[in-house]
Amino acid sequence: MIVQVHFSGTEINQFFESNGFEIVDGEFGRWEKAYHNRDEWNGYTADAVQIDNRYVKATDLFAAVSEHRLKQLITGITPDDVQTSVKTCFNQLLNSI
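Residues numbered from 1 in each chain as written. Predicted model: local features only at pLDDT ≥ 70, side-chain atom pairs only at ≥ 80, totals over all residues. Heavy atoms only, no water.

**Q** A description of the pattern of salt bridges should follow, citing residues and the corresponding values.
**A** Summed over all chains, the structure comprises four salt bridges. In this structure, the salt-bridge partner of Glu-40 is Arg-38, at a minimum N-O distance of 3.7 Å. Looking at Glu-40, the relative accessible area reads 33%, which means it is partly exposed. (Salt bridge = Lys/Arg side-chain N within 4 Å of Asp/Glu carboxyl O. Buried < 20%, exposed > 50% of the residue type's maximum accessible area, 1.4 Å probe, protein only.)

So, in structure tokens, the structure goes:
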């Protein structure tokens, strides 16, 4: 099943800040194809949630937290509190890198 819900960056930041998490400017990057058959690293800055001096892109973490909590709600499992859900998804995203 696919459910699409759109949130602005401001709404995502407000969600994390209202639940006690710090939003910082995080530096991220990705490898992109360049000329002469080589790859080039392109860095960019995006809003990130910081926990214990580590950070994850806020939009990715929000998507993971939303999916986690929605699955708990639909399957009848009592949803974790927001703090627990964020920390669980935060650690899963860090481990997937």
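Now that the structure has been shown, the text picks up again.
**Q** Lay out the sheet that holds strand β1 (residues 22-34) with the relevant residues and their values.
**A** Read from one edge of the open sheet, three strands run β1-β2-β3, paired in antiparallel fashion. Of all the strands in the sheet, just β1 and β3 (54-57) have a single pairing partner and so form its edges. Direction aside, the axes of adjacent strands within the sheet are offset by 45° on average. Two strands pair when backbone bridges link them, and β1 and strand β2 (residues 38-51) are joined in this way by 13 bridges, in the antiparallel orientation. Bridge pairing in β2 places Arg-30 opposite Asn-42. In this fold helix α2 (residues 58-74) packs onto β2 and β3, with an angle of close to 75° to the strand it touches most, β3. (Pairing = 2+ DSSP bridges. Helix = DSSP H or I, 4+ residues; strand = E, 2+ residues; numbered from the N terminus. Axes fitted to C-alpha atoms, helices over the stretch in contact; angles between N-to-C directions. Contact = heavy atoms within 4.5 Å.)

**Q** A description of helix α3 (residues 82-95) should follow, citing residues and the corresponding values.
**A** For α3, built from 14 residues, the straight-helix expectation of 20 Å at 1.5 Å per residue is met to within 8% by its first-to-last C-alpha distance of 20 Å. Here α3 has its buried residues at Val-82, Ser-85, Val-86, Cys-89, Phe-90 and Leu-94. Down the axis of α3, the buried set is contained in an arc of 160°. They therefore lie on one face. Residues of α3 that are buried sit in contact with α1 (9-18), β2, β3 and α2. (Expected span 1.5 Å × (residues − 1). Arc of directions from axis to C-beta.)

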